[in-house]
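Structural overview for review
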Amino acid sequence: MSPWTSAVGAPQLARLLSSQHTREATAAPAGRRLPAYRALADGVRLLVLEGRVPVAARLPAERELAAALKVSRTTVAAAYEALRGEGFLESRRGAGSWTAVPAGRPLPGRGLDPLPPEAAGSIIDLGCAALPAPEPWLTRAFTGALEEVPLYAHTHGDYPAGLPALREALADRYTARGIPTMPEQIMVTTGAMGAVAATCRLFVRPGERVAVESPSYANVLQLMREAGVRLVPIGMADGLAGWDLHAWRQVLRDAAPRMAYVIADFHNPTGALADEEQRRQLVDAARAAGIVLVADETMSELTLDPGTPRPRPVSAFDPAGSTVVTVGSASKSFWAGLRIGWVRAAPDVIRSLVAARAYADLGTPVMEQLAVAWLLNTGGWEGALELRRAEARQNRDALVDAVRRHLPDWEFTVPHGGLTLWARTGGLSGSRIAEVGERLGVRVPSGPRFGVDGAFEGYVRLPFTVNGPVAEEAASRLAAASRLVRTGAAAEADLPRSYVA
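The paragraphs below set out a description of the structure included in this document. Starting afresh in each chain, residues are numbered from 1 along the sequence in its written order. Restriction of local features to residues with pLDDT of at least 70 applies here, the model being predicted, together with a cutoff of 80 or more for giving and counting side-chain atom pairs; totals for whole chains, interfaces and linings are based on all residues. Hydrogens are left out, water is left out, and the side-chain values use all remaining heavy atoms of the structure.

The next subject is unusual backbone geometry. For residues that are not glycine, phi is negative in most cases, and the peptide bond is trans in most cases. Here the residue pair glutamate 135 and proline 136 is connected by a cis peptide bond, since its omega of 10° sits within 30 degrees of zero. Secondary structure follows DSSP: runs of H or I at least 4 residues long count as helices, runs of E at least 2 residues long count as strands, and numbering of each begins at the N terminus. Position of proline 136 relative to the elements: it lies in the loop between β5 (124-125) and α5 (137-148). Notably, lysine 70 is not glycine yet its phi reads approximately 60°, a positive angle. By secondary structure assignment, the location of lysine 70 is in the loop between α3 (62-69) and α4 (73-86). Phi at phenylalanine 266 takes a positive value of approximately 50°, unusual for a residue other than glycine.

In structure tokens form, the structure reads like this:
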């Protein structure tokens, strides 16, 4: 049996490595440059730790990679030998060389998995953009749900389209926002990821193209990669300016994707908010290209600053319902542990999604659906949102102040809503800061997780999940990581003992 399960071609690996060529890439103490083989080995090791090159992936032959990188074969051979010595590469005559991780290291994830609870005491987790439940509303919601359970307990409990009571409550909420909606236009899913996965399975076959913002939400990008989709990135404008409509029209016309995925409401990770004209033009461009536009509204209710305009939903510009499929969720607005999401679309699309669900997860847990229905029907949703917005606003302001003090060379624009800050790391590699930061006791996702093929190496994403002294300590540890990366002293042996997690 082959010891490797996938392969990385020389051109692909060269592209991934080239994305790391920021100011620190060749830095070393006392102004010396790292040897070329050492810089190459460090680059490959970082790609493995980030999950952008999978474990057990066959690497190119030395001669092929040397030609792609325009370096000597001796340089590649020395880099491979260094990686073997560190446990990140294994080789066997006749089988080539493949990536590995040293004994005792956890396998790298390619998404943004929450930190295991047992590690919470030793590391500040800025990897997951999710807040604790807004009590007492969670307890009240499940208390209300328990009172309703007897009405459903005598049934089989499978509701592939969702509980009628929740579908009606969600439809009423869209109608109140000016988007007339029937319950037949709603399917309840297991979180927003379940909604995106179901939509992707319905509209896109493996090998077909999907247009995505660049950057975009890391977990959705990975979901689509795993489905065999070819991602077509379309760059976001600088700061919070949002969507380059000329680029969108051109890509949708020329690349002929089957579907497009956008986060128009407090975009994850940048925090940008599309105005009504941008939404109108996005829908018009999708309609002209004959594609489905999936609008992710998971952050839509997290407006943090008074006076921030709240544009109409993207679906408002598709009155016929032929172009826009909307994805929503309780995870960001309420609590990620609830795992309730939904799709709003034309009735025939919903029927197709429900029919296909028999081969996926069959349905969403009844108790959680009853809890969300209770929140929507009693005013509890608005009460919980008020707490959620206040907490996120306080966290955002504390984090922004701390980063400005400890990392004055980092650049960012403060968003008016959502849960994430997109920061440019002063010319340093975000991947290296993330790697060193985790050993210093702070976990952040680096920019390339939100891009396609190595983009955004000079960024990190900071969520609004910590406050007060914790935000201050997180920024302090990130500043320490940045200093170590800048000076080239980022090897574990060079870290202060009190910082090693």
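Attention now goes to the environment of alanine 358. Examined against the element boundaries, alanine 358 turns out to sit in the loop between α12 (347-356) and α13 (366-378). Whether a residue is buried, partly exposed or exposed follows from its accessible area with a 1.4 Å probe, protein chains only, as a fraction of its type maximum: under 20%, in between, or over 50%, in that order. Owing to a relative accessible area of 48%, alanine 358 belongs among the partly exposed residues under this scheme.

Moving on: the side chain of serine 315. Within the secondary structure layout, serine 315 lies in the loop between β10 (292-296) and β11 (324-329). Excluding anything up to four places from it in sequence, serine 315 contacts Ile179, Val324, Thr326 and Arg344. Any two residues having at least one pair of non-hydrogen atoms within 4.5 Å are treated as being in contact.

Mapped onto the secondary structure, proline 269 falls in the loop between β9 (259-262) and α11 (276-289). Taking the C-alpha atoms as reference, proline 269 lies 9.8 Å from serine 214; in sequence the two are 55 residues apart. Look past the residues within four positions of proline 269 in its chain and what remains in contact with it is Pro215, Ser216, Thr420, Leu421, Trp422, Phe450 and Arg461.

Lines fitted to C-alpha atoms define the axes, with helix axes restricted to the stretch in contact, and inter-axis angles between N-to-C directions lie between 0 and 180 degrees. Interhelical geometry of helix α14 (residues 380-406) versus helix α16 (residues 468-487) gives an angle of 35° and a closest axis separation of 9 Å. Our pair here, α14 against α16, has a crossing hand that is right-handed. Along its contact with α14, which presents Ala398, Leu399, Ala402, Val403, Arg405 and His406, the element α16 presents Gly468, Ala471, Glu472, Ala475, Ser476 and Ala479. Across the contact of α14 with α16, the residue classes tally to seven nonpolar, three polar and two charged. Working rule for handedness: look at the near helix, and if it is turned counterclockwise from the far one by less than a right angle, call the crossing left-handed; if clockwise, right-handed. Any residue that is not Ala, Val, Leu, Ile, Met, Phe, Trp, Tyr, Cys, Pro, Asp, Glu, Lys or Arg is counted as polar, Gly included; the first ten are nonpolar and the last four charged.

In this section: empty space enclosed by the protein. Cavities and pockets were defined on a 1 Å grid built over protein atoms only: a cavity is a set of grid points that admits a 1.4 Å probe from which the probe cannot escape, a pocket is an open set flanked by protein on both sides within 12 Å along at least five of seven lines, and lining residues are those with an atom within 4 Å of any such point. Grid points are joined across faces, edges and corners, and a volume is the space filled by probe spheres set on the points. Tallying each qualifying case throughout the model produces one cavity of 30 Å³ or more. As a volume, the largest cavity reaches approximately 120 Å³. Leu170, Arg173, Tyr174, Arg177, Glu297, Ser300, Glu301, Gly328, Ser329, Ser333, Trp342 and Trp381 are the residues that line the largest cavity. Residue assignment for the lining of the largest cavity shows that the elements contributing at least two residues are α7 (164-176) and β11. Looking at which element gives the most residues to the lining of the largest cavity, the answer is α7, with three residues.

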